[in-house]
Amino acid sequence: MDDWQRFEREHVWHPYASMLQPVPAYAVHRAEGAWLELEDGRRLIDGMASWWCAIHGYHVPELNAALRAQSERMAHVMFGGLTHRPAAELAQRLLSITPGDMQYVFFADSGSVSVEVALKMALQYWQAQGQTQKHRFLTIRHGYHGDTFGAMSVCDPVSGMHHLFASFLPQQLFADAPTAQCDAEWDEAQIASFRQQIEAHHHTLAAVILEPIVQGAGGMRIYAPEFLRQVRRLCDDYDVLLIIDEIATGFGRTGCMFAAEHADVAPDILCVGKALTGGYMTLAATLTTGRVCQGIHADGAGVLMHGPTFMANPLACAVAGASIDLLLASPWQARVRHIEQRLREGLEPYRAHAAVHDVRVLGAIGVLEMTRPVDVARVQQRLVARGVWLRPFGRLLYTMPPYILDDAQLDQLIAAMGSVLDDV
Ligand code: PMP
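Sequence positions are assigned chain by chain, starting from 1 and proceeding in written order. At least 70 in pLDDT is required for a residue's local features to be given in this predicted model, at least 80 for side-chain atom pairs to be given and counted, and no such filter applies to totals for whole chains, interfaces and linings, which use all residues. Heavy atoms throughout the structure, all of them, feed into the side-chain values; hydrogens and water do not.

1. Regarding the site of the ligand
1) Next: Proximity is defined per residue: any heavy atom of the residue falling within 4 Å of a molecule or strand makes that residue near it. In the vicinity of the ligand, the contacting residues are Ser 110, Gly 111, Ser 112, Tyr 144, His 145, Gly 146, Glu 211, Asp 245, Ile 247, Ala 248 and Lys 274.
2) Next: Here an oxygen atom of the ligand and a backbone polar atom of Gly 111 are 2.9 Å apart.
3) Next: The side chain of Lys 274 places a nitrogen or oxygen atom 3.0 Å from a nitrogen atom of the ligand.
4) Next: Here the accessible surface of atoms and residues is derived via Shrake-Rupley with a 1.4 Å probe, and residues count as covered only by protein chains that are part of the display. Contact with the protein chains removes 81% of the 390 Å² of surface that the ligand exposes when unbound.
5) Next: Looking at the shell around the ligand residue by residue, the class counts come to 3 nonpolar, 5 polar and 3 charged. What qualifies as a polar contact is a pair of N or O atoms within 3.5 Å, subject to a donor-acceptor requirement within protein and to the restriction that residues adjacent in sequence count only when both atoms come from side chains. When residue character is reported, Ala, Val, Leu, Ile, Met, Phe, Trp, Tyr, Cys and Pro are called nonpolar, Asp, Glu, Lys and Arg charged, and the others, Gly included, polar.

What follows is the structure in structure tokens.
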């Protein structure tokens, strides 16, 4: 281990980790295509796309060029009172590809912050209408929306961090999540708990917030589009705004550009992030409709009360614009469909293994839910020995690879997932 690695291990925190008993962190030297190259020269196929982000893989010529060109002009300027072409052009692209009738864009610096902004938009909307009693949020169990406090308050109350911060967190409302099976026959009972909550509490609800079709970090659950359609209808019936969090699912991951399209549902407020910059930089956005925007200003004085220092960072906006262009110019739908088919064929046979509880696939997402928690350090070590990078959590061994993975890489990934089942 080099000196810098020893220093890093002793002084630098990793996500959801103990500083005193750290699990090993593998040192990456460079990355190209779907490969991560470690400091010791080993090469790993990336099955995680750096947590849903690196949809085009790494060291992408078009994105490098956009970043280089923008850095020659300016890396950053404040967005208060100043503006720039990369932000305007990115907003234009986003409004043209997002579902529903989005007309206004707020650039945030991470997914969690974009969720905070979405919550604020909903709260300010009702405040400006004089309906200050509408200040709570309804969501479904097993959700995940980020690690800041507002976002945490709408994460799953059991698997989220509520127990640690209960005394500080705003109390929200939770309905049962639909079953984790996209293609199961629709049963009205699935919406019963949600219906009951919205009927009982709509007069105090500012908005419903949920992840469309795929619940990610709260359990990698895939649910029926009909659930989302009914949620939209109930929100309309009871005059509650609908916030759709496409931070993980956006930009083609589920086979549609945005997962809400599976249900043909339009949000009132939409969050995007992660793959927005093709995994190059941190950037997210909160988009909304004319109705919500005008509503926020209805009292004549309304200004949206948020303004991060690095709002609409020009480097991030330029690379995001290039990433969307690259995605739209690529056969992304065919690629994602192909990955889906191969994941289905490759992972489905593992269902027969005694350690496997469920197998779920949608788009470029493949999930093995095990019967017991995965020993992350041990399983990761075995996967790395087989040339594959995955980061299991809880009972889940899953992949959401870059879309550019070739068949040989995909097969190696699927085989590696199968090879560790006996260890789990
Ligand atoms: N919403 C969803 C659905 C997410 O998956 C995540 C990140 N895993 C977030 C919000 C938070 O995004 P960030 O980590 O960029 O703050």
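2. A short note on the packing of helix H4 (residues 85–97) against helix H11 (residues 314–329)
1) Next: Convention adopted: a line fitted to C-alpha atoms gives each axis, helices being fitted over their contacting stretch, and angles between N-to-C directions are expressed from 0 to 180 degrees. In this text, helices come from DSSP runs of H or I with a minimum length of four residues, and strands from runs of E with a minimum of two, each type numbered from the N-terminal end. The geometry of H4 relative to H11 is characterised by a closest axis approach of 8 Å and an angle of 35 degrees between their N-to-C directions. Between H4 and H11 lies a crossing whose hand is left-handed. Here H4 contributes Pro 86, Ala 87, Leu 90, Arg 93, Leu 94 and Ile 97 to the contact with H11, which in turn contributes Pro 314, Cys 317, Ala 318, Ala 320, Gly 321, Ile 324, Asp 325 and Leu 328.
2) Next: Among the residues making up the contact of H4 with H11, the classes are represented as 11 nonpolar, 1 polar and 2 charged. The hand of a helix crossing depends on one turn: near helix anticlockwise from the far one by less than a right angle means left-handed, and clockwise means right-handed. Whether two residues touch is decided by their heavy atoms; if any such pair falls within 4.5 Å, the residues are in contact.

3. Some points on the domain arrangement of the protein chain
1) Next: Taken domain by domain, the protein chain consists of domain 1 (4–59 + 331–419) and domain 2 (74–329).
2) Next: Each of domain 1 and domain 2 has a C-alpha centre, and these two points are 26 Å apart.
3) Next: Across the boundary between the two partners, domain 1 contributes 28 residues, which contact 32 residues of domain 2.
4) Next: By buried area we mean the combined loss of accessible area, with a 1.4 Å probe, across both parts when two parts are placed together. Here domain 1 packs against domain 2, burying approximately 2400 Å² in sum over the two surfaces, 64% of which is carbon and sulfur.
5) Next: On the domain 1 side of the interface with domain 2, the three residues burying the most area are Trp 52, Trp 332 and Leu 362, jointly 31% of the side's total.
6) Next: Within this document, salt bridges are pairs made up of a side-chain nitrogen of Lys or Arg and a carboxyl oxygen of Asp or Glu, the two lying within 4 Å of each other. Across the contact surface, domain 1 and domain 2 share 0 salt bridges.
7) Next: Our count for the contact surface shared by domain 1 and domain 2 stands at 12 residue pairs in polar contact (both at pLDDT 80 or more).
8) Next: Of all elements in the fold, only helix H2 (49–52), helix H12 (332–347), strand E13 (356–362), strand E14 (365–370) and strand E16 (396–399) reach the threshold of two or more residues within the side of domain 1 that touches domain 2.
9) Next: The leading source of residues in the side of domain 1 that touches domain 2 is E13, at 4 residues. In this entry, domain limits derive from an automatic or database-based domain assignment.

4. A look at the sheet that holds strand E6 (residues 173–175)
1) Next: Two strands make a pair as long as DSSP finds a minimum of two bridges between them. The strand order E4-E12-E11-E10-E7-E5-E6 describes an open sheet built from 7 strands, whose pairing is mixed. The strands lining the two open edges of the sheet, one partner per strand, are strand E4 (102–108) and E6. Ignoring which end each strand starts from, the neighbouring axes of this sheet average 20 degrees apart.
2) Next: Alignment of strand E7 (residues 205–210) against strand E10 (residues 241–245), held across 4 bridges, turns out to be parallel.

5. Remarks on the nonpolar core
1) Next: Leu 94, Phe 107, Phe 194, Val 208, Ile 243 and Phe 251 are the most contacted members of the largest nonpolar core, which totals 124 residues.
2) Next: Sequence-distant contacts of Phe 107, defined by excluding residues within four places in its chain, comprise Ala 87, Leu 90, Ala 91, Leu 94, Leu 283, Ala 284, Ala 285, Pro 308, Met 311 and Ala 312.
3) Next: Side-chain atoms within 4.5 Å are what join buried Ala, Val, Leu, Ile, Met, Phe, Trp, Tyr and Cys residues into a set we call a nonpolar core. Type-normalised accessible area, obtained with a 1.4 Å probe on protein chains alone, sets the label of each residue: buried when under 20%, exposed when over 50%, and partly exposed for intermediate values. With 6 residues, the next largest nonpolar core counts Val 60, Leu 63, Ala 66 and Ala 322 among its residues.

6. Some remarks on the pattern of salt bridges
1) Next: Applying the stated criterion across every chain, the model contains 23 salt bridges.
2) Next: Its salt-bridge partner being Arg 42, residue Asp 40 comes within 2.9 Å of it at the nearest N-O pair.
3) Next: Close ionic contact of Arg 378 with Asp 375 constitutes a salt bridge, the shortest N to O distance being 3.6 Å.
4) Next: With relative accessibility at 38%, the residue Asp 375 sits in the partly exposed group.
5) Next: One salt-bridge network, in which partners are shared between bridges, spans Glu 348, Arg 351, Asp 358, Arg 360, Glu 369 and Arg 395.

7. Focus on the pairing of strand E5 (residues 136–140)
1) Next: Within E5, 4 of the 5 residues are buried, which leaves it mostly tucked inside the rest of the structure.
2) Next: Pairing geometry for E5 and E7, over 3 bridges, is parallel. In the strand pairing of E7, Arg 136 is matched with Leu 205.
3) Next: Sheet analysis places E5 next to E6, joined by 3 bridges and oriented parallel.

8. Focus: the packing of aromatic side chains
Think of a pair of aromatic rings as described by two things: how far the centres are apart, and how the planes are tilted against each other in angle.
1) Next: Any two of the Phe, Tyr and Trp rings considered here, Trp counted by its six-membered ring, make a pair once their centres fall within 6.5 Å; the pair's planes then place it as stacked at under 30 degrees, edge-to-face at over 60, or tilted in between. This structure, assessed with the given rule, holds 8 aromatic pairs.
2) Next: Centroid distance Phe 194 to Phe 227: 6.1 Å. Interplanar angle 70 degrees. Geometry classified as edge-to-face. Of this pair, Phe 194 sits in helix H8 (residues 189–201) while Phe 227 sits in helix H9 (residues 225–237), and the two are 33 residues apart along the sequence. Exposure class is identical for Phe 194 and Phe 227. Each is buried.
3) Next: Ring geometry for Tyr 223 and Phe 227: centres 5.5 Å apart, planes at 80 degrees, overall edge-to-face.
4) Next: Here the aromatic cluster, defined as three or more aromatic residues joined through ring pairs, consists of Phe 149, Phe 165 and Phe 168.
5) Next: Its end group placed over the ring of Trp 35, Arg 43 keeps NZ or CZ at 4.3 Å from the ring centre.
6) Next: A cation over an aromatic ring shows up here: Lys 134 above the ring of Trp 126, its NZ or CZ 4.5 Å from the ring centre. Our definition puts a charge over a ring when NZ of Lys or CZ of Arg is within 6 Å of the ring centre and also within 35 degrees of the ring normal.

9. Things to note about the side chain of Thr 98
1) Next: As for its placement among the helices and strands, Thr 98 is situated in the loop between H4 and E4.
2) Next: Given the relative accessible area of 7%, Thr 98 is considered buried.
3) Next: At 2.7 Å, the side chain of Thr 98 forms a polar contact with the backbone oxygen of Leu 94.
4) Next: With residues up to four places along the chain from it excluded, the contact list for Thr 98 reads Phe 258, Leu 270 and Leu 287.

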